[in-house]
Each structure stands twice: as structure tokens, then as C-alpha cells.
Amino acid sequence: MNWMNSEAFTLFGQHIIWSDMTGNILGLITLALGWRRSLWTWPVQFLSGLVLFGAFYGHLAGSAGKQAVVMVVALYGWWQWQRRKDRAQDGHIIPRFANLTERAAMLAAAAAGTVAVALLFKAYPSLSWDPWPDAYIFVGTIVAMYAQAKGMVEFWIAWLLVDLVGVPLNFANGYAFSGFVYVIYGALVLWGMRDWWLRSRKDARPVLEGAPA
């Protein structure tokens, strides 16, 4: 894995690391697959998390820990999408908006989780150079992936909020490629959110097991 943490090239004075570049390219593919509501979004997300774990490990322990959690949640997302019976005519999951209870629960979990993780990072400075923004991204990523696993349109909004902090944090910590990719994420998130929102409004009837799609 050492070669993955070596420099690939320099862009605008920023050193691009192989693992950082590879992991984030996989992250873009994951986002595109999520847009298409493809089950393959989860194994690719898992692989992206694995590569980025190697990129952050030993340098940003908090970010490395986030990627470990990402891999676990990716397995959960795969399991959730595999077992869902309600599918659109194209065989993919049907997006939906979260109800008020689910939204309140996610907001509460995001707020409480961010405070708890930030306090942990502050208690153990070796885990993160920037405790509060790193905790925000850590928890926001989990909330976004949970909402995606449940097929909620709000997962796009959660990713957008994560991007707003992720861009400057990655540039500040020397992960330029991650920063550039987060900018692209922002544009893709807006398009993906529009697509899921429109699909959630369609009168798509679930395809019953054994019935032709």
C-alpha cells in the first residue's frame, strides 16, 4: 500500500497522492451509480472507503476512522437495497421523501453525533487536526449514507451539506484531489437530487415478485 501513498503528480502547486486520487474517483463512480439507483453503488462505495482508509491512515486518524465506518454502512446499504421489495418499472428502488419523524431523528442524530465525535477528537488530538469540521463530515457522511440506504431523497441534501465543509478541509489538510472532487460532487449532488425528487413524485407502481418488470 506504500506506493498508493506516493505522489502521482502536482496540480496547481498541490501534491496529488495516488490513494487520494483513486479513492475519490471511485467515490464519483459511487455517486453516479447512486444517481442511477444501482445496487452496485454499495460495493464501489466500500472499495472507495477501503482505498481512502489507506490514504488517511497514519496521517488523519479521524478521517481514516470515518472511512472504516463508511465501509460498514456500505454493507448495510447493500443489505437494505437487496431486501427491498418495492421497485420501479426499471427494477431499481423507488426514491421517497423522509417523513417528519425520520427528518427530526436524522437532524437530532447529526447534531448530537457531531458534538460527541468532536469532543472525542478534542480529547484525543491525534485523531484529528480539525475536530469540529472533521466530526461534522464524519457524522454527516453516516447520516447521508443511512438516508441513501433507506432510499430517502434527503440523502442528497445531507451530502451537499457535507461538501460545504469537506472542500476547504481537504485543501487545508493537503488532500487537493479530494477537494477538487468535492467540488464536482456538489454539481452531481444537485442533479441527482433533482432526479430522485422527480422520481419520488411519479406514480411508479412497485413490481411484485414473479411479475414481469
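Everything here concerns the structure above.
What counts, and where the lines are drawn
Residues numbered from 1 in each chain as written. Predicted model: local features only at pLDDT ≥ 70, side-chain atom pairs only at ≥ 80, totals over all residues. Heavy atoms only, no water. Helix = DSSP H or I, 4+ residues; strand = E, 2+ residues; numbered from the N terminus. Buried < 20%, exposed > 50% of the residue type's maximum accessible area, 1.4 Å probe, protein only. Contact = heavy atoms within 4.5 Å. Areas by Shrake-Rupley, 256 points an atom, 1.4 Å probe, with all protein chains shown as cover. Expected span 1.5 Å × (residues − 1). Bend = angle between axes of the 7 residues up to and from the residue.

Colleague: Just to check I follow, could you spell out the overall build of the protein for this structure?
Modeller: A count of helical and extended segments in the protein gives seven helices and two strands. Beginning at the N terminus, the succession of helices and strands in the protein can be written as β-β-α-α-α-α-α-α-α. The burial tally for the protein puts 46% of its 213 residues in the buried class. Long-range contacts, defined as pairs at least 24 residues apart, comprise 66% of the intrachain contacts of the protein with a sequence gap of at least 6. For the protein, the accessible surface area stands at approximately 10900 Å², while carbon and sulfur atoms represent 69% of it.

Colleague: Please clarify how helix α6 (residues 154-172) should be interpreted in this entry.
Modeller: The α-helix advances 3.6 residues per turn, and as a result positions three or four apart in sequence lie on the same side. Under the 1.5 Å per step criterion, the end-to-end length of α6 is 28 Å for 19 residues, consistent within 8% with the ideal 27 Å. For α6, the principal kink sits at Gly166 and spans about 30°; a proline, Pro168, occurs within the next four residues. The complete set of buried residues in α6 reads Glu154, Phe155, Trp156, Ala158, Trp159, Val162, Asp163, Gly166, Val167, Leu169 and Asn170.

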